[in-house]
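Structure at a glance
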Amino acid sequence: MLFRSGCIGPEANLIPVTIGRLAELCTMDAVLQLTEFQAQVTRFAALANRWTQSTARWIKMGWKILHLPGGGVLRPPYLPAPTEDLRQFADGLAKLGVAEIDGLFKAQRAKANS
């Protein structure tokens with residue numbers, strides 16, 4: 001949720017630059033840009049909501065998929081995500097059209113090819 005003085009929501013754990021830009025645009029007269037960033041966040045949230053029974057799970061899944069710090073093991077009472085869930089989330093992230101995520105995947109491919 002976006003407010004005048006900040007943002008509350010778990011999405012910033014995986015797309016902090018996008019969320020930050022969205023907050024900046026809220027203070028400016030940039031409706032078209034604001035609309036595009038809001039659409040990116042909405043698409044991301046819709047994907048993540050498939051795993052809303054545990055926000056901690058999809059955050060950890062995302063950190064692991066995107067090779068971000070903190071992508072380790074979930075602590076009890078949470079259970080690790082099944083491999084199929086990781087694959088579905090990774091596939092979904094790759095199709096979102098969120099520049100921040102696309103950049104992380106691009107960096108992973110470059111590192112793998114070097």
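Residues numbered from 1 in each chain as written. Predicted model: local features only at pLDDT ≥ 70, side-chain atom pairs only at ≥ 80, totals over all residues. Heavy atoms only, no water.

1. Things to note about unusual backbone geometry
Here is the rule: Only DSSP runs of H or I with at least four residues qualify as helices, and only runs of E with at least two residues qualify as strands; both kinds are numbered from the N terminus onward. Relative accessibility thresholds used throughout: buried, under 20% of the residue-type maximum; exposed, over 50%; partly exposed, between the two (1.4 Å probe, protein chains only).
Here the residue pair Pro 76 and Pro 77 is connected by a cis peptide bond, since its omega of 15° sits within 30 degrees of zero. Its location among the elements puts Pro 77 in the loop between helix H3 (55-65) and helix H4 (83-95). One non-glycine residue with positive phi stands out, namely His 67, at about 60°. Using a relative accessible area of 61% as the deciding quantity, one classes His 67 as exposed.

2. Let's talk about the packing of aromatic side chains
The description of an aromatic ring pair uses the distance of the two centres, along with the angle that the planes make with each other. Our working definition: Between rings of Phe, Tyr and Trp, where Trp is taken as its six-membered ring, a pair exists when centres lie within 6.5 Å; planes separated by under 30 degrees are stacked, by over 60 edge-to-face, and by other angles tilted.
Enumeration according to the criterion identifies two aromatic pairs in this entry. Centre to centre, the rings of Phe 44 and Trp 58 are 5.7 Å apart; their planes meet at 70°, and the pair counts as edge-to-face. With a gap of 14 residues between them, Phe 44 in helix H2 (residues 31-48) and Trp 58 in helix H3 connect regions that are remote in the sequence. Classification of Trp 58 as buried rests on a relative accessible area of 3%.

3. Section: the confidence of the model for the chain
Test applied: Across the chain, each position has a pLDDT score giving the predictor's confidence in that residue, from 0 to 100.
For the chain, per-residue confidence averages 88 on the pLDDT scale, and 94% of positions sit at 70 or higher. Highest mean pLDDT in the chain belongs to H4 (96); lowest belongs to strand E1 (residues 2-3) (52).

4. Side note on the nonpolar core
What counts here: Only buried Ala, Val, Leu, Ile, Met, Phe, Trp, Tyr and Cys residues count toward a nonpolar core, and they belong to the same one when joined by side-chain atoms within 4.5 Å. In this analysis, two residues are considered to be in contact whenever any of their non-hydrogen atoms come within 4.5 Å of each other.
By size, the foremost hydrophobic cluster in this structure holds 27 residues, and its most contacted members are Phe 44, Trp 58, Ile 65, Phe 89, Leu 93 and Ile 101. Every element with two or more residues in this core is listed here: helix H1 (16-26), H2, H3, H4 and helix H5 (99-113). Beyond its immediate stretch of four places on either side in the chain, Ile 65 contacts Leu 86, Phe 89, Ala 90, Leu 93, Phe 105 and Gln 108.

5. Overview of the packing of H1 against H2
Rules: Here an angle of 0 to 180 degrees is reported between the N-to-C directions of two axes, which are lines fitted to C-alpha atoms, with helices fitted over the stretch in contact. Left-handed describes a crossing in which the near helix is turned anticlockwise from the far one by less than a right angle; the clockwise case is right-handed. Gly counts as polar in this scheme, as do all residues outside two lists: the nonpolar Ala, Val, Leu, Ile, Met, Phe, Trp, Tyr, Cys and Pro, and the charged Asp, Glu, Lys and Arg.
Contact pair H1 / H2: the axes reach a minimum separation of 9 Å and the direction vectors enclose 145°. Pair H1 / H2 crosses with left-handed handedness. Where H1 abuts H2, its residues Thr 18, Ile 19, Arg 21, Leu 22, Leu 25 and Cys 26 lie against Gln 33, Leu 34, Phe 37, Gln 38, Gln 40 and Val 41. Grouping the amino acids of the contact of H1 with H2 by side-chain chemistry returns seven nonpolar, four polar and one charged.

6. Focus on the pattern of salt bridges
Rules: Salt bridge criterion: a side-chain nitrogen from Lys or Arg within 4 Å of a carboxyl oxygen from Asp or Glu.
Counted by the stated rule, this structure contains four salt bridges. The partner of Arg 43 in a salt bridge is Glu 36, with the nearest N and O atoms 3.9 Å apart. Residue Glu 84 is joined to Arg 87 by a salt bridge in which the shortest nitrogen-to-oxygen separation is 2.4 Å. Residue Glu 84 and its partner Arg 87 are both found in helix H4; the two are separated by three residues, about one turn of the helix. A single salt-bridge network, built from bridges that share partners, covers Glu 84, Arg 87 and Asp 91.

7. Considering H3
A large share of H3 lies buried, amounting to eight of its eleven residues. Count one or two residues on from H3 and you reach His 67, which has phi positive near 60°.

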